[in-house]
Amino acid sequence: MKFGLAAAIQRRPGEIDYRLERQRILAAYRSGAQTTLQVCDAQDELVRNAAHCGAPVSEPCPVCDGSPLVHVTYVFGARLPSSGRCMTSVAEMQRLARRRAPYTAYVVEVCTACRWNHLVRSFLLNPLA
Ligand SMILES: [Zn+2]
């Protein structure tokens, strides 16, 4: 199911990709302009969600090289908590996508070993709503 969630969030309408910003931050980190403390600052709740709801991805952590990364997806919109809802399954995202209100999903990559985290992309869950 977790792999299914990762696959389900590929190439969505209204998608914004944040890879260039990721590269900029990692370049600053590797040059010494940013410290590990600055780039590995995932809050406890994000690390917990990554451990329990994260979808494994094939790419390793870019900071501590070798630790596995996961994607955590948060959805924001009507009747959801102001801090968003962490998605636990494809079915949960599909239920929200069927509602007649706009929802936006944000996918964050997280390393639970070093706390590296970065927004990977965002997309409209139900672009026709
Ligand atoms: Zn790491």
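Structure first, text after, so check above.
Cut-off values and rules
- Residues numbered from 1 in each chain as written.
- Predicted model: local features only at pLDDT ≥ 70, side-chain atom pairs only at ≥ 80, totals over all residues.
- Heavy atoms only, no water.
- Helix = DSSP H or I, 4+ residues; strand = E, 2+ residues; numbered from the N terminus.
- Buried < 20%, exposed > 50% of the residue type's maximum accessible area, 1.4 Å probe, protein only.
- Contact = heavy atoms within 4.5 Å.
- Areas by Shrake-Rupley, 256 points an atom, 1.4 Å probe, with all protein chains shown as cover.
- Arc of directions from axis to C-beta.
- Pairing = 2+ DSSP bridges.
- 1 Å grid on protein atoms, 1.4 Å probe; cavity = no way out; pocket = protein on both sides within 12 Å on 5 of 7 lines; lining within 4 Å.
- Points joined across faces, edges and corners; volume = space filled by probe spheres on them.
- Nonpolar A, V, L, I, M, F, W, Y, C, P; charged D, E, K, R; others polar.

A.B. asks: Just to check I follow, could you spell out the overall build of the protein chain for this structure?
C.D. replies: Broken down by element type, the protein chain carries 5 helices and 6 strands. The burial tally for the protein chain puts 43% of its 129 residues in the buried class. Pairs at least 24 residues apart make up 64% of the contacts formed inside the protein chain by residues separated by at least 6 positions. By element, 53% of the accessible surface of the protein chain is carried by carbon and sulfur atoms, the whole surface being about 7400 Å².

A.B. asks: In this structure, what is going on with the side chain of His71? I would like to understand it.
C.D. replies: Structurally, His71 is set in strand β3 (residues 68-77). Taking relative accessible area as the criterion, His71 reaches 10% and is therefore assigned buried. With sequence-adjacent residues up to four places away left out, His71 is seen in contact with Cys53, Gly54, Ala55, Val57, Val107, Val108, Glu109, Val120 and Arg121.

A.B. asks: How should I be thinking about helix α5 (residues 90-97) in this particular structure?
C.D. replies: The α-helix advances 3.6 residues per turn, and as a result positions three or four apart in sequence lie on the same side. Every buried residue of α5 is accounted for by Val90, Glu92, Met93 and Leu96. For α5, the angular spread of buried residues about the axis comes to 165°, placing them on one side.

A.B. asks: Hey, could you run me through the pairing of strand β6 (residues 117-124) in this one?
C.D. replies: Two faces, one strand: in a regular strand the side chains alternate between the faces of the sheet. In terms of burial, β6 is largely enclosed, as 6 of its 8 residues are buried. Pairing analysis gives 2 bridges linking strand β1 (residues 16-17) to β6, with the strands arranged antiparallel. Pairing of Ile16 across the sheet is with Ser122, part of β6. In this structure, strand β5 (residues 103-110) lies alongside β6, joined through 7 bridges in antiparallel fashion. Bridge pairing in β6 places Val108 opposite Leu119. From the end of β5 to the start of β6, which pair antiparallel, there are 6 residues, and Arg115 there has a positive phi angle of about 75°.

A.B. asks: Even after reading the chapter, I still don't get the layout of surface pockets, so can you show me in this structure?
C.D. replies: Over the atoms a probe the size of a water molecule is rolled, and this reveals where empty space is left. The computed volume of the second largest pocket comes to approximately 180 Å³. Looking at the second largest pocket, the residues that line it are Gln43, Glu45, Leu46, Asn49, Tyr74, Phe76, Ser83, Gly84, Cys86, Tyr106 and Val108. Secondary-structure elements contributing two or more residues to the lining of the second largest pocket are α4 (44-53), β3 and β5. When residues in the lining of the second largest pocket are grouped by element, the largest group, 3 residues, is from α4. Across the lining of the second largest pocket, the residue classes tally to 6 nonpolar, 4 polar and 1 charged.

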